[in-house]
Amino acid sequence: MMRTQCLLGLRTFVAFAAKLWSFFIYLLRRQIRTVIQYQTVRYDILPLSPLSRNRLAQVKRKILVLDLDETLIHSHHDGVLRPTVRPGTPPDFILKVVIDKHPVRFFVHKRPHVDFFLEVVSQWYELVVFTASMEIYGSAVADKLDNSRSILKRRYYRQHCTLELGSYIKDLSVVHSDLSSIVILDNSPGAYRSHPFTADVRSVLSRNLHQHRLW
């Protein structure tokens, strides 16, 4: 009897120690990821000259429309057996939302350096979030990315899209009637196929980022 109790006690201790060790490794990986992602990067930004600032002040800023999923962030929710991130990678934040009366947890991974990206490009463009996701989810993600900076105030969601052949198409005319003033950053060109002549953000942003030594 004594031996059985000792074995049970030993097993309990080992199980507790294993859980404690797993939690420690989780915290360590998260800290290492933070150090690698943010602290080892040196951002060298040249300030604008007074002449450049004066010229920018006279030009109406264009609108940069930003997608969320697979563009600024990646997320997966409870029940997903194979998330498309490396196993063991801790999320940047976890969202708990209620969808159809069922609580769902989303594990959200931000694109590396996205916070700095938003901070910089918000000086050049009026930022607008446009996602085909449901508002209850998209709004929560946008709140986290905005982080009380008031740079992602204008937002559009699934209800602002048009459903065509099972795909949600983003109607950019709801953002602004003058489509020539809109630049879009989206991982799926099909999402804005109704507006094929909208500015290609890759060339526009690359030029701006290169000038400011961000890339």
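Residues numbered from 1 in each chain as written. Predicted model: local features only at pLDDT ≥ 70, side-chain atom pairs only at ≥ 80, totals over all residues. Heavy atoms only, no water.

### Here's the deal with the overall build of the protein
Alright, step 1. In terms of helices and strands, the protein carries five helices and 10 strands.
Alright, step 2. With 215 residues in all, the protein has 35% of them scored as buried.
Alright, step 3. In the protein, of all internal contacts separated by at least 6 residues, the share reaching a separation of at least 24 is 70%.
Alright, step 4. In the form shown here, the protein has an accessible surface area of approximately 14,400 Å², with 58% of it arising from carbon and sulfur atoms. (Helix = DSSP H or I, 4+ residues; strand = E, 2+ residues; numbered from the N terminus. Buried < 20%, exposed > 50% of the residue type's maximum accessible area, 1.4 Å probe, protein only. Contact = heavy atoms within 4.5 Å. Areas by Shrake-Rupley, 256 points an atom, 1.4 Å probe, with all protein chains shown as cover.)

### Structural notes on the pattern of salt bridges
Alright, step 1. Summed over all chains, the structure comprises six salt bridges.
Alright, step 2. As a salt-bridge pair, Glu126 and Arg154 come within 2.9 Å of each other at their nearest N and O atoms. Of this pair, Glu126 sits in strand β5 (residues 126-130) while Arg154 is found in strand β6 (residues 154-156), placing the two residues 28 residues apart along the sequence.
Alright, step 3. For Glu126, a relative accessible area of 29% gives the class partly exposed.
Alright, step 4. One salt bridge in this structure joins Asp143 and Arg155, with 2.7 Å as the shortest N-O distance. (Salt bridge = Lys/Arg side-chain N within 4 Å of Asp/Glu carboxyl O.)

### Comments concerning the sheet that holds strand β3 (residues 93-99)
Sheet strands associate in pairs through backbone hydrogen bonding, adopting either a parallel or an antiparallel arrangement.
Alright, step 1. The three strands lie next to each other as β2-β4-β3, forming an open sheet whose pairing is antiparallel. Two strands in the sheet have a free side with no partner beyond their single neighbour: β2 (73-77) and β3. Within this sheet the neighbouring strands show an average axis-to-axis angle of 30 degrees, counted without direction.
Alright, step 2. Two elements, β3 and strand β4 (residues 102-110), share seven bridges in a ladder whose sense is antiparallel. In the sheet register, Ile94 faces β4, and the bridge partner there is Phe107.
Alright, step 3. Running over the sheet, helix α4 (residues 135-146) touches β2, β3 and β4 and is turned about 155 degrees from β3. (Pairing = 2+ DSSP bridges. Axes fitted to C-alpha atoms, helices over the stretch in contact; angles between N-to-C directions.)

### As for α4
Alright, step 1. Compared with an ideal rise of 1.5 Å per residue, which puts 12 residues at 16 Å, α4 spans 16 Å between its outermost C-alpha atoms and is within 8% of the ideal.
Alright, step 2. Here α4 has its buried residues at Tyr137, Gly138, Ala140, Val141, Ala142, Leu145 and Asp146.
Alright, step 3. In this fold, the buried residues of α4 make contact with β2, β3, β4, α3 (114-121), β5 and β6.
Alright, step 4. Taken from the residues just after α4, Asn147 is the one with a positive phi, measuring 55 degrees. (Expected span 1.5 Å × (residues − 1).)

### Describing the nonpolar core
Alright, step 1. Among the nonpolar cores identified, the biggest contains 31 residues, and Leu66, Leu72, Leu118 and Leu145 are the most heavily contacted of them.
Alright, step 2. Looking at this core, the elements that each hand over two or more residues are β1 (63-66), β3, β4, α3, β5, α4 and β9 (182-185).
Alright, step 3. By residue number, the principal contributor to this core is α3, which donates six residues.
Alright, step 4. Ignoring anything within four residues of it in the chain, the contact list for Leu66 reads Leu72, Phe117, Leu118, Leu127, Val128, Val129, Phe130, Leu152 and Leu185. (Core = buried A, V, L, I, M, F, W, Y, C linked by side-chain atoms within 4.5 Å.)

### Focus: a nonpolar patch on the surface
Alright, step 1. Side chains of Leu10, Phe13 and Val14 sit close together on the surface and give an oily, nonpolar patch of about 310 Å² of accessible area.
Alright, step 2. Mapping Val14 onto the fold places it in helix α1 (residues 2-39). (Patch = residues over 30% accessible without salt bridge, like charges linked within 9 Å, V, L, I, M, F, W, Y side chains within 5 Å.)

### Some remarks on the confidence of the model for the protein
Alright, step 1. In the predicted model, the protein carries a mean pLDDT of 80, and the fraction of residues at 70 or more is 76%.
Alright, step 2. Note on residues 202-215: pLDDT under 50 across the span, and 24 contacts to partners over four residues away in sequence or across chains. (pLDDT = per-residue confidence, 0-100.)

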